[in-house]
Every structure is written in C-alpha cells, then in structure tokens.
Amino acid sequence: YSNQINVGSNIKLGTAGVVTATSLITNGNIGINDSTLNALNECDNSTTITPVFSIKGSNENDQSGVLRLTRKDNANSGSAIYNSGDDGGLILRNLDSNGITFYNGIARALRIKPDGLIGIGTAVPTHNLDVVSSSNTYIKLMRTGHTPVYIGALNNGDGVIEQTGHFRVKVGGNERLYLDSTGYL
C-alpha cells in the first residue's frame, strides 16, 4: 500500500479541535458526530453490538443523522434512512415517487407503492394488500393465545378459510352464521 498513512490511534476530524465531526476508530469503524461508537443494547437486551458506522444528529430534534443514498446524475433522487423523534422510529424514505422494494437474495419479496398499496410476491399491487405465490397462498390471522384463522387461495384457484375452532360470520356486528368445530351449522 504505497498511499497508506499509518496512525497509531484514532483519527478525529472537526472544527478547530472543538467539535469532532468524523472519527476513524483504530478498528476501522467510522463515526459521524459520534467519536466513541459505544456499544448498543440489542432489541432483546441480552447482547450488545458495537456499530461499525454511526451517524448522530447534533441534537435530539434534528434529522442531521440521516444516511442519504443518491444517484450521481440526480442529487434530488435516492433514499434516506433516519430515526425520527416525531414518529419515534426508523424512517425509510424514498425521495423519488417510485415506492420502496425489499429483496430477499435476488427475489423481490415486498413492494410498497407510493400510494400505500403493498405487494408480497408482486411488483404491481392493485389492492391495499396483494399476496401472490405460485403455490397455496395463505394469510394467517391470530390473536395471542388463540387458534389461527387462515385465509387463502389454493393451487386450483379455490378460495379457502381454515379454522380449527368455531367459525362465525358477522354482518353489521350481528352474527349471521355459526359453524362449530364439528361442522354443524
């Protein structure tokens, strides 16, 4: 490595030595407005992780801790990822009007169109939720501690609702059909 600079400790870049804007930690980790890259508790609080790359806003109310990905030919396009104090969670925002697509390996797994339509297994959802598969397709609905209800489409095109317990059909809040688990109406 003929263009390598060797430094024995962390490198901190900032304004007149007062504010550390960027930190290059000796283990290769990078911090922006974060000079320590302290370990974080995992969601289950049983383990900790140390970030490899960290961006912090300058205070709890700003969104300067944004990771923005843009195309070279259009600086107003791309995506932004940040944590919003207003919404209290992670924001994944498409700066274009193309929606958001999640991939699993090379396969498109989930698509959220700009109008809010969601497609699982399809790139072009036309309803609030479209689930498309080449085999039996089911949506599982379950209240904690109870048996699930499966709503699906079979390979032959038939629709199906499966339930191991009793089944009720309500219209306008009133029970109109009751089928017990033995098959009696």
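None of these values were measured; they are calculated from a predicted model.

How each quantity is defined
Residues numbered from 1 in each chain as written. Predicted model: local features only at pLDDT ≥ 70, side-chain atom pairs only at ≥ 80, totals over all residues. Heavy atoms only, no water. Helix = DSSP H or I, 4+ residues; strand = E, 2+ residues; numbered from the N terminus. Polar contact = N/O pair within 3.5 Å; in protein donor to acceptor, adjacent residues only side chain to side chain. Pairing = 2+ DSSP bridges. Axes fitted to C-alpha atoms, helices over the stretch in contact; angles between N-to-C directions.

Draft legend 1. Region of the structure containing the environment of Asp180. Note on placement: Asp180 falls in the segment after strand S18 (174–179). C-alpha separation for the pair Asp180 and His166, spaced 14 residues apart in sequence, amounts to 4.3 Å. A polar side-chain atom of Asp180 sits 2.6 Å from a polar atom in the side chain of Thr182.

Draft legend 2. Representation of the sheet that holds strand S13 (residues 129–131) within the structure. In spatial order, the strands read S10-S11-S12-S13; together these four strands make up an open sheet with mixed pairing. Every other strand in the sheet has two partners, leaving strand S10 (100–104) and S13 as the edge strands with one partner each. Strand-to-strand, the axes of this sheet are offset by a mean angle of 20°, without reference to chain direction.

Draft legend 3. Spotlight on the sheet that holds strand S16 (residues 159–163). In space, the three strands of this open sheet follow the order S14-S15-S16, with antiparallel pairing throughout. The two strands at the open ends of the sheet, each matched to only one other strand, are strand S14 (137–141) and S16. Neighbouring strand axes in the sheet, compared pairwise and without regard to direction, differ in orientation by 20° on average. Where strand S15 (residues 149–153) meets S16, five bridges bridge the pair, whose relative direction is antiparallel. Its bridge partner lying in S16, Ile151 is registered against Ile161.

None of the figures reported here should be taken as evidence of function without further support.
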